[in-house]
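# Results of the structural survey
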Amino acid sequence: MAEDKAVPSRLRVEKTTKRAKKSSLAPARNFLERLPSEILMKILSYLDASALFSLSYVSKLFNQLSNDNTLWIKIYIAEFSRNKKQKPQGMDELLLKTDMVELQDRAAGYWKWRHFRTLAACDMNKWKRQLGLISCHTGLPSQTEQILRNLHVTWELTVSDKSGQVDTHEPSCSHFCETSVTLCWSGGGRLPSHWQISTLQLHGIRRVALNCPGLKKPGWRSLMAKIDMHALTKSAQVIGQDRLVELRLLQPGIIIGVWKDQHSVAFIMFPLHYHKLVERSVQGSSLCPYVEPTFKPPFDDIDPEYGLHDYQLHIVLHNSERKIMSGSFPKLFCRRTHICDGLIQLGAISRTEMLQHLPLSGSITLPWRCEALQGAVENCCIMSLTLVDEFKKPFWCVSSPVFLELQKKPHVVYDYDGEHFLMHYQDSDGQVKMELVWMEEQKRFFLISLVVFVTVCKVNKYFSRDY
């Protein structure tokens, strides 16, 4: 009986001891917050921009203190006054001001964000010079991938469902190719069912590099695409499948992988062409996309009756892992007398010219990966097309999934006895038609015909012509 009565008493002692330990730890954790604000501000004045920004996420008190304009004015002046190349406009006037009350006549946090925006603008000016290095084959900046990485650009997909739930996801992987980047978001149970998605928003995210890796970094969002899924779901086209997933194509060039016999989303693929990709990723706002300045083509003194001339086509077939085919085709033209059905035809590879035919590196597949599962859908890939006009400017740029269709009645080509396939792309600006043959003995495709059709409306609007 004595032992039985002792048990509750020991439990009471242990509980009392735990409460005492907790109460002794609480003052230790709140020691800094209990200091006078003057002392805390003095401590914070020794921190750099990285530490000060990260400290704002510790608590409400530190968020308020770390946004103080006095701290950030000193950091701003110290950062930009010593470097003449980075000195922003108005810095000299700021250095002459001595009345800190006047400088603080701003909302809390104003000078913090002015510091980061000025820092971001300095980086952008530096890499704008690199954007001027143009590839002679594509008319695009030749260092687009490196510039995006150096500017710390990433992308986010915001998914809204019909119930009003909004979630933002970072890409699970990204694949850079010659003229495009393919982004992929894996489902993993985090994405709503295919039929429940109401809108998709793609944002470019520009981060400012800090000295504290792994911590939160300031950044800005640039809207790149907003897609109403309700309008597109009905017109979605099934372009391929394997034993696990079915691929559905939505315009403009979005692939949604749906688990077979289910409505849940396995992954979302979004290809982005390099044309103005840096500007679209960083220079829009969170609500409005980047608007490209109006380009006025130089005067063309060649007789309009001559039609289009000196165009150049660069095309890449690739998937999320490797390049399948790449080719450049200069000196493309179409005389005015050959324009028909509102389309201007530019032939790159002729069916009758065997020397122009190109072999592809292996089979055409689109690999995918989602969490622990992976697969590959046959006869699907991504086409990145860049059509350059006679002034060496990108005229029509496309990055979109494409797929093979078996031709039941192919054109007679005596040099090939394999199955003939057609790869077709179409949008409001034009069409692309490719004819391929599968050679069983060599286990590869051959591209035997490639024709690009540009709409007359696009040419007339671009060049102020009346074709």
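Figured I'd write up the structure that's included with this text. For clarity, every value in this text was computed on a predicted model and none was experimentally measured.

The rules behind these values
Residues numbered from 1 in each chain as written. Predicted model: local features only at pLDDT ≥ 70, side-chain atom pairs only at ≥ 80, totals over all residues. Heavy atoms only, no water. Pairing = 2+ DSSP bridges. Helix = DSSP H or I, 4+ residues; strand = E, 2+ residues; numbered from the N terminus. Axes fitted to C-alpha atoms, helices over the stretch in contact; angles between N-to-C directions. Phe/Tyr/Trp six-rings, centres within 6.5 Å; stacked < 30°, edge-to-face > 60°. Buried < 20%, exposed > 50% of the residue type's maximum accessible area, 1.4 Å probe, protein only. Lys NZ or Arg CZ within 6 Å of the ring centre and 35° of its normal. Patch = residues over 30% accessible without salt bridge, like charges linked within 9 Å, V, L, I, M, F, W, Y side chains within 5 Å. Areas by Shrake-Rupley, 256 points an atom, 1.4 Å probe, with all protein chains shown as cover. Salt bridge = Lys/Arg side-chain N within 4 Å of Asp/Glu carboxyl O.

## Brief notes about the sheet that holds strand 6 (residues 219-228)
Strand pairing within a sheet occurs via backbone hydrogen bonds; the two strands may be parallel or antiparallel. Here four strands make up an open sheet; going across it, the order is 2-1-5-6 and the pairing antiparallel. Pairing within the sheet leaves two strands with one partner each, and these edge strands are strand 2 (166-169) and strand 6. Geometrically, the sheet is characterised by an average inter-axis angle of 25 degrees between neighbouring strands, direction not taken into account. Strand direction decides the pairing type here: strand 1 (residues 153-161) and strand 5 (residues 197-207), joined by nine bridges, are antiparallel. Bridging from a neighbouring strand, D161 pairs with I197 of strand 5.

## So, unusual backbone geometry
Of note in the backbone geometry, H152 takes a positive phi value of approximately 60 degrees without being a glycine. Residue position: H152 is located in the loop between helix 9 (144-150) and strand 1. Positioned with a positive phi, K392 is a non-glycine residue whose angle comes to about 65 degrees. By secondary structure assignment, the location of K392 is in the loop between strand 17 (380-388) and strand 18 (394-406).

## Describing the packing of aromatic side chains
For the coordinates displayed, the defined rule picks out 17 aromatic pairs. When the centroid spacing of 6.1 Å and the interplanar angle of 75 degrees are considered together, the rings of W113 and W220 count as edge-to-face. Note that W113 is positioned in helix 8 (residues 110-131) and W220 in strand 6, a separation of 107 residues in sequence. A residue is classified by how much of its surface remains accessible, and W113, at 33% relative accessible area, is partly exposed. A residue is classified by how much of its surface remains accessible, and W220, at 15% relative accessible area, is buried. Chaining the aromatic ring pairs together yields one cluster made of F53, W72, W113, F116 and W220. Positioned above the aromatic ring of F395 is the side chain of K458, whose terminal nitrogen or guanidinium carbon lies 4.9 Å from the ring centre.

## Concerning the sheet that holds strand 4 (residues 180-186)
With antiparallel pairing, the six strands of this open sheet are ordered in space as 3-4-10-9-8-7. Both outer strands of the open sheet, strand 3 (173-176) and strand 7 (237-241), are each paired with one neighbouring strand and no more. Put simply, the sheet's adjacent strands are angled 20 degrees from each other on average, direction ignored. Where strand 4 meets strand 10 (residues 265-273), seven bridges bridge the pair, whose relative direction is antiparallel. Counterpart to C184 in the pairing with strand 10 is M269.

## A closer look at a nonpolar patch on the surface
A surface patch of nonpolar side chains, about 240 Å² in accessible area, is lined by L32, I39 and I43. On the basis of relative accessibility, which here comes to 41%, the residue I39 falls in the partly exposed class.

Nothing here speaks to function; it is all geometry.
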